Structures are given as C-alpha cells and as structure tokens.
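Coordinates in review
If you want the building blocks of each chain, they are given just below.
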Amino acid sequence: MKFVKMHGCGNDYVYLDGVTDGAVAALIDQPGWMDLVKRMSDRHKGIGSDGVIVITRPDAAEAHVRMRMFNADGSESEMCGNGVRCVAKFAHDRLGVRANPMLVQTGRGVLSIAYRVENWQLVEATVDMGEPILELERVPVERRRVKKLREGYVLEDCKGVLDWQFVSMGNPHAVMFAEYGELNRERGVAFIAKFGPGVERNQAFPNRINVHALALHSRGEATLYTWERGAGVTQACGTGACAALVAGVLAGRMDREATIHVLGGELRIRWDEATNHVF
C-alpha cells in the first residue's frame, strides 16, 4: 500500500489516496479497518502517526475532494484542522486540483480552503472553519454534569480545574486557562497528560472530547497544550487552536485574532466578527 506522511505543525497523519485507488477507499468499510489504522499509527511497530486520513472522491456535488479522518485508536473523527490543510496540499500537488479556494468535504461539512502556491507547490493554506458551536447540547455536553460559573463551567468529577469552556468546531473541545508562567513547555505537557485521559472520557461528553490547556501570554498570543481524543498528547491541533481562541474571547481574555503557539509550531487564528466564522 502506498502512503504519504504529512504534518501540520507536527500534527502528523498517514495519508492514503482513495481518489486514484478505489481499493483504498473501499478498505474503510472492511471489518479490519480499525485494526489497520491502529497498526499504521503505532509509533514503535508501525509508520507512526496521530492517525490516518483517507482522501476520497466526494459525495457533496460542490466539493473537490473528501477527507475521512481516523484517530490513532481507529475511531473516526469529524474534522481535523491541520489534517484538512494537508489534504488541500495533497489534492493540489498530487491530484492536480487547482480550484482556489478548494472545497473539501469533511464530517463538519464542506469547508473552503484558500491557499498560496510557490514553485507549483502549495505552501500555505487558510481554512474557513465556519461558525463555532457553543450550545452545550450541540458540542455535545450533558448539561446536568456541568455547573455554570461567571467565566466558565465546573466539570463534574474533575478536581483541580474549575474553569472550562466548551466549544465545537465540528468536533468537541474543552478548554481551560492558565497564565504562561504557570505552564511552560515541560509543565504544560505534564499537566495535559495528567488531566487529558480523565476529561476526554468524562461522562459529561457522550462523544468524548479533545482537551486543551491554554497558557496566556497576552490578548494576542498564547500557547496551547493538547490531549487529542483518541490520540493522546499531540504536537498541534488546528480545530483546538480555533476553539481555544473562541474560548479566550468568550472569557474576555483574548482578542479576536491571535497567534497560538503549539508544540510543533504556531497557528494564526482569527474569529471574524462580521461573519462569525473562524479562520
């Protein structure tokens, strides 16, 4: 089987071409697919990745390609912000898709990706992530298992963290805040590795949840530490960075445009006030 390894800010996936190879696309519906994803994602005995992304022909008439995204544990997720940027690069550089913006079908719907090309290769991509979803039932979060405070929520059965914001970017995110001095790189990774597993599988989240600690530098800059649903600690999370900015704005702690540092690089995020879309 041919594969391509790609990453966005260190958020790495194995990419499979189901557009030109129909047999690859058909694998998704086979009984052994989840096990195959786990084996490919294994960092010691496999290729090693945060999961597997399959690029296929779209069902949506307006889309140019479709992204199917699977976590390292074999479970399917709705969306991956870094992953969909890599899908756009794959589609442009390898499949010859030249539409700009490019329309990619995801579990969140069809997303528009504007991009920049140098020397015939895609080098930068900006995803219109659409409007953030804030209603608890749609994230989804079970309302009876959280308590609203002035700036956020208390999560049932989670001692030590009192201030959570819940945001969906098509996939669910829980964000808590810290000052940068409290969570440098080493402490940030240790903190999210400690809290992440329990919060991900807390009974308040029927579909599990991605967990983030946002260390604030200023209103326009922060560092994000991520425990990704089905993958564990990851180098970056594009949808998580979007959710983190939204959470920061809602809490009155961040401006609508910011640089979000992640373990593998940095992401520039903007929550447009006119359209309510996150880019």
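Presented here is an overview of the structure given in this document. (Residues numbered from 1 in each chain as written. Predicted model: local features only at pLDDT ≥ 70, side-chain atom pairs only at ≥ 80, totals over all residues. Heavy atoms only, no water.)

1. Considerations on the pattern of salt bridges
Side chains that differ in sign of charge can pair as their charged atoms come close. To keep it simple, the criterion reads: Every case where a carboxyl oxygen of Asp or Glu lies within 4 Å of a side-chain nitrogen of Lys or Arg is listed as a salt bridge. A run of H or I in DSSP counts as a helix once it spans at least four residues, and a run of E counts as a strand once it spans at least two, with each numbered from the N terminus. Only protein chains enter the area calculation, which uses a 1.4 Å probe; residues under 20% of their type maximum are buried, those over 50% are exposed, and those in between are partly exposed.
Inspection of the entire model under this criterion finds 21 salt bridges. A salt bridge links glutamate 156 to arginine 145, with the nearest nitrogen and oxygen atoms 2.7 Å apart. Linking glutamate 156 in the loop between β10 (153-155) and β11 (164-168) with arginine 145 in the loop between β8 (121-128) and β9 (146-148), this pair joins segments that are 11 residues apart in sequence. Judged by relative accessible area, glutamate 156 falls into the partly exposed class, the value being 31%. For arginine 145, a relative accessible area of 14% puts it in the buried group. Among the charged side chains, a salt-bridge network with shared partners connects Lys5, Asp12, Arg43 and Asp50.

2. Some words on helix α3 (residues 81-93)
For clarity, the threshold we go by: In this scheme, a helix's expected span is set at 1.5 Å multiplied by one less than its residue total.
The terminal C-alpha atoms of α3, which comprises 13 residues, lie 19 Å apart, in line with the 18 Å expected from a rise of 1.5 Å per residue. In terms of residue burial, α3 counts as a mostly covered element, since 10 of its 13 residues are buried. Every buried residue belonging to α3 is among Gly81, Asn82, Gly83, Val84, Cys86, Val87, Ala88, Phe90, Ala91 and His92, and all of these are buried.

3. Examining the state of the cysteines
Counted only if it meets this: The disulfide criterion is simple: two cysteine sulfur atoms within 2.5 Å.
In total, this model carries 0 disulfides according to the counting rule given. Cysteine 237 supplies the cysteine sulfur nearest to cysteine 80, a cysteine that is in no disulfide, at a spacing of 6.6 Å. The cysteine cysteine 86 is free of any disulfide, with cysteine 80 supplying the nearest cysteine sulfur at 7.9 Å.

4. Things to note about unusual backbone geometry
Note: most residues except glycine have negative phi, and most peptide bonds are trans. The peptide bond linking asparagine 100 to proline 101 adopts the cis configuration, its omega dihedral lying at 10°. Among the structural elements, proline 101 can be located in the loop between α3 and β6 (102-106). Put simply, valine 139 and proline 140 share a cis peptide bond, and its omega is 0°. Structurally, proline 140 is set in the loop between β8 and β9. Even without glycine at this site, asparagine 276 takes up a positive phi of about 70°. Of note, asparagine 276 is situated in the segment after β17 (265-270). With a relative accessible area of 25%, asparagine 276 lands in the partly exposed category.

5. Side note on the nonpolar core
Convention followed: For the purposes of this section, nonpolar cores are sets of buried Ala, Val, Leu, Ile, Met, Phe, Trp, Tyr and Cys residues that join through side-chain atoms within 4.5 Å. Pairs of residues are marked as contacts when any of their non-hydrogen atoms sit within 4.5 Å.
Tyr15, Leu214 and Ile260 are the most contacted members of the largest nonpolar core, which has 55 residues in total. By residue number, the principal contributor to this core is helix α5 (residues 238-250), which donates 8 residues. For leucine 214, the residues in contact, after removing those within four places along its chain, are Val175, Met176, Phe177, Ala178, Ala222, Thr223, Leu224, Ala244 and Met254.

6. A look at the pairing of strand β4 (residues 65-71)
So the rule is basically this: For two strands to pair, DSSP has to find at least two bridges joining them.
Counting buried positions over the 7 residues of β4 gives 7, a clear majority of the element. Neither face of β4 is left uncovered, since the one carrying Val65, Met67, Met69 and Asn71 and the one carrying Arg66, Arg68 and Phe70 both have all their residues buried. The sheet contact formed by strand β3 (residues 51-56) and β4 spans 6 bridges and is antiparallel. Residue pairing for β4: threonine 56 is matched across the bridge by arginine 66. As paired elements, β4 and β6 share 2 bridges and run parallel to each other.

7. A short note on the pairing of β6
Within a regular beta strand, the side chains point alternately toward one face of the sheet and then the other, so they alternate between its two faces. Taking burial as the measure, the 5 residues of β6 include 4 buried ones, the bulk of the element. With 5 bridges connecting them, β6 and strand β7 (residues 109-118) associate as antiparallel partners. The partner of methionine 102 across the bridge, within β7, is isoleucine 113. Linking β6 back to β7 in an antiparallel pair, the connection comprises 2 residues.

8. Notes on the packing of aromatic side chains
What counts, and what does not: Aromatic rings from Phe, Tyr and Trp, with only the six-membered ring used for Trp, were paired whenever their centres fell within 6.5 Å, and each pair was classed as stacked if the ring planes differed by under 30 degrees, edge-to-face if by over 60, and tilted otherwise.
Enumeration according to the criterion identifies 5 aromatic pairs in this entry. Seen in terms of ring centroids, tryptophan 33 and phenylalanine 70 are 5.3 Å apart; in terms of plane orientation they differ by 75°. Their pairing is edge-to-face. Note that tryptophan 33 is positioned in helix α2 (residues 33-41) and phenylalanine 70 in strand β4, a separation of 37 residues in sequence. Classification of tryptophan 33 by relative accessible area gives buried; the value is 5%. Seen from their ring centres, phenylalanine 191 and phenylalanine 195 are 4.7 Å apart, and the 40° between their planes marks the pair as tilted. Here phenylalanine 191 pairs with phenylalanine 195, and both are found in helix α4 (residues 185-200), just 4 residues apart, close to one helical turn.

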